[in-house]
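Chain residues, written in single-letter form:
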Amino acid sequence: MAVIEVALAGRAYDVVIEEGLLARFAEAAAPFLKGYGHARKVPVVADTNTHRLYRTALESNLAAAGYAADWFVVEPGEDAKSWGVLERLCDWLLALGVTRKDHVIALGGGVVGDLVGFACAVVKRGCGFVQVPTTLLAQVDSSVGGKTAINTKAGKNLIGAFHQPSLVLIDPLVLATLPDREMRAGYAEVLKYGLLGDAAFFAWLEANGDKVLAREPAALEHAIATSIAMKARIVAEDERETLDLRALLNLGHTFGHALEAETGFSDRLLHGEAVALGMVLAAKYSARRGEISQADAARAAGAIAAAGLPASLAALGLACDGAALVDHMRHDKKAEGTTLPFLLLRQLGEAYVARDVDLSDIAAFLDGELAA
Ligand code: ADP
Ligand code: ZN
């Protein structure tokens, strides 16, 4: 078991990582289970998969503690992060009589977590929520740090708020049912922590990544706890990404978002897969600038390929050129006028924000990679 505190002044909260935590939910979340009105009821939001898989475990544990769950179940997938579903969810919470002191439980991956977090940011100007992330990606990344959002026609995550959860409960056992492809996609964000800030962790992942992907308990818990510890430290120091610190978490994401946009944010390329390839490109581009060696860039790519993640842009078979990918980047939330801060590597285990990157050079670099 590991408990990691996200040390935000006045709003500090714990991230608890422990096998079997879902089956002990009521004890672990006891301070946040109040029940609205006079009913000992707890609002839980899930998608149809997490509802089907984990409803019984959660309900029987809640029942033993004298609580019952009220469920709001969404379809799996990004479409749930929409104005329409947000409206229904907010209306549902208000109809239940949820107050600012109540806590909504988010049982699912990043989609459920982002949606619930945003709803809780705006219902009565902010009610509480507890994250129970069920994908590796949500466990190591989106459930911690308070970024919440929905998608609109103009793009992903453009409407949102910073709203921190009161507690994050991570049960690695729920990853047993996660499809392998989703597991690998989440693992890309684990590798990200090694590459951006912890060379020893990166080396550990090179040696033990297969155990993590196979859900071996000790390896999995170590990978999750190390990832969260780094995220917690960064979020505590730079909650709203006003310094360059939280931006480091975007390693691989500028290239990655362009690839997601080019593939239509579809199943063709999952977010984690795009980030994986984005990190390969960031490493190669860093080598092209002479900041890391070609051998180190190859090492980063090797760890990504070894996890079964996409490591070659050419292999993706995109029918576009580098300029088209750069065009997607210009729409990035982080775009500042005609330039874009790029996350590059000073060494394996040390990322930094480069502000002197010329987008036409990126286009030329990508043309080379597309043809490689
Ligand atoms: P992410 O956390 O990567 O943003 P999503 O919330 O989109 O992911 O979830 C990815 C998919 O995995 C969805 O189809 C979701 O229903 C499913 N899923 C989430 N958690 C589990 C789990 N523990 N077991 C099986 N499927 C799961
Ligand atoms: Zn990401």
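Keep in mind it's a predicted model, so treat the numbers as computed, not measured. (Residues numbered from 1 in each chain as written. Chains lettered and ligands numbered in written order. Predicted model: local features only at pLDDT ≥ 70, side-chain atom pairs only at ≥ 80, totals over all residues. Heavy atoms only, no water.)

A. Representation of the overall build of the chain within the structure. Helix and strand counts for the chain come out as 13 helices and 11 strands. Whereas a compact globule of 372 residues would reach a radius of gyration of roughly 21 Å, the chain reaches 20 Å, a difference of no more than 12%. Across the 372 residues that make up the chain, the buried fraction comes to 56%. Intrachain contacts of the chain at a sequence separation of at least 6 include 74% that bridge at least 24 residues. Within the structure as shown, the chain displays about 14700 Å² of accessible surface, and the carbon and sulfur contribution to it stands at 53%. With 35 positive and 46 negative side-chain charges, the chain shows a spacing of 5 Å between the two charge centroids. (Helix = DSSP H or I, 4+ residues; strand = E, 2+ residues; numbered from the N terminus. Rg over C-alpha atoms; globule rule 2.2 N^0.38 Å. Buried < 20%, exposed > 50% of the residue type's maximum accessible area, 1.4 Å probe, protein only. Contact = heavy atoms within 4.5 Å. Areas by Shrake-Rupley, 256 points an atom, 1.4 Å probe, with all protein chains shown as cover. Lys, Arg positive; Asp, Glu negative; His and termini not counted. Charge placed at Lys NZ, Arg CZ, Asp CG, Glu CD.)

B. View of the nonpolar core. Core analysis: the largest hydrophobic core is formed by 88 residues, its most contacted members being Val15, Tyr187, Phe255, Leu313 and Leu366. With 11 residues, the top contributor of residues to this core is helix α10 (residues 271-288). Those residues within four positions of leucine 366 in sequence are excluded, and the remaining contacts are Phe255, Leu281, Leu313, Gly322, Leu325, Val326 and Met329. In terms of nonpolar packing, the next biggest core, distinct from the first, is built from 25 residues, Val74, Val104, Val112 and Cys127 among them. (Core = buried A, V, L, I, M, F, W, Y, C linked by side-chain atoms within 4.5 Å.)

C. Here's a closer look at the domain arrangement of the chain. Taken domain by domain, the chain comprises domain 1 (2-177) and domain 2 (180-213 + 241-371). Taking the mean C-alpha position of each, domain 1 and domain 2 sit 29 Å from one another. Taken residue by residue, the interface counts 11 residues in domain 1 and 15 residues in domain 2. Taken together, both faces of the contact between domain 1 and domain 2 bury some 1100 Å²; the carbon and sulfur share is 61%. The tally of links between domain 1 and domain 2 comes to 2 salt bridges. With a closest N to O distance of 2.6 Å, lysine 147 and glutamate 241 form a salt bridge. One can count 3 residue pairs in polar contact (both at pLDDT 80 or more) joining domain 1 with domain 2. Sorting the residues of the side of domain 1 that touches domain 2 by element identifies α5 (136-142) and β8 (155-162) as the ones contributing at least two each. Across the side of domain 1 that touches domain 2, the residue classes tally to 6 nonpolar, 2 polar and 3 charged. (Domains from an automatic or database assignment. Buried area = accessible area lost by both parts, 1.4 Å probe. Salt bridge = Lys/Arg side-chain N within 4 Å of Asp/Glu carboxyl O. Polar contact = N/O pair within 3.5 Å; in protein donor to acceptor, adjacent residues only side chain to side chain. Nonpolar A, V, L, I, M, F, W, Y, C, P; charged D, E, K, R; others polar.)

D. Quick peek at the environment of alanine 29. Summarising the element assignment, alanine 29 is placed in the loop between α1 (25-28) and β3 (41-47). Between the C-alpha atoms of alanine 29 and valine 130, which are 101 residues apart in sequence, the distance is 8.0 Å. With sequence-adjacent residues up to four places away left out, alanine 29 is seen in contact with Leu167 and Leu169.

E. Summary view of the environment of leucine 137. On the secondary structure map, leucine 137 appears in helix α5. Residue class for leucine 137 comes out buried when judged on its relative accessible area of 19%. Along the chain, leucine 137 and valine 190 lie 53 residues apart, while their C-alpha atoms are 8.2 Å from each other. When neighbours within four sequence positions are excluded, leucine 137 is seen to be in contact with Ser142, Ala185, Gly186, Glu189, His271 and Gly272.

F. Summary view of the site of ligand 1. Taken together, 18 residues lie around ligand 1, and Asp47, Gly110, Thr134, Thr135 and Thr177 are the ones closest in. At 3.1 Å from an oxygen atom of ligand 1 is found a main-chain nitrogen or oxygen belonging to valine 111. At 2.7 Å, a side-chain N or O of threonine 177 approaches a nitrogen atom of ligand 1. When ligand 1 is considered free in solution it has 570 Å² of accessible area, and contact with the protein chains removes 85% of it. Those elements that provide at least two residues to the shell around ligand 1 are α2 (48-64), α4 (110-122) and α5. In terms of residue count, α2 provides more of the shell around ligand 1 than any other element does, 4 residues in total. Looking at side-chain class alone, the shell around ligand 1 contains 9 nonpolar, 7 polar and 2 charged residues. (Near = heavy atom within 4 Å.)

G. Quick look at the packing of aromatic side chains. Per the stated rule, a full pass over the model turns up 5 aromatic pairs. Ring geometry for phenylalanine 72 versus tryptophan 92: centroids 5.3 Å apart, planes at 50°, classification tilted. Taken as a pair, phenylalanine 72 in strand β4 (residues 68-74) and tryptophan 92 in helix α3 (residues 83-96) lie far apart in primary sequence, 20 residues in all. By relative accessible area, phenylalanine 72 is classed as buried at 6%. Aromatic side chains phenylalanine 201 and tryptophan 204 sit 6.1 Å apart centroid to centroid with 15° between the ring planes, which places their arrangement in the stacked category. One end of the pair is phenylalanine 201 and the other is tryptophan 204, both in helix α7 (residues 199-213) and 3 residues apart, which spans about a single turn. When its relative accessible area of 3% is taken as the criterion, phenylalanine 201 is described as buried. The exposure class assigned to tryptophan 204 is partly exposed, which follows from its relative accessible area of 24%. The structure contains a cluster of three or more aromatic residues connected by ring pairs, namely Phe255, Tyr285, Phe342 and Phe365. Directly above the aromatic system of tyrosine 67 lies the positively charged group of arginine 40, at a separation of 4.1 Å from the ring centroid. Lysine 192 extends its terminal NZ or CZ atom over the ring of tyrosine 193, reaching a point 5.3 Å from the ring centre. (Phe/Tyr/Trp six-rings, centres within 6.5 Å; stacked < 30°, edge-to-face > 60°. Lys NZ or Arg CZ within 6 Å of the ring centre and 35° of its normal.)

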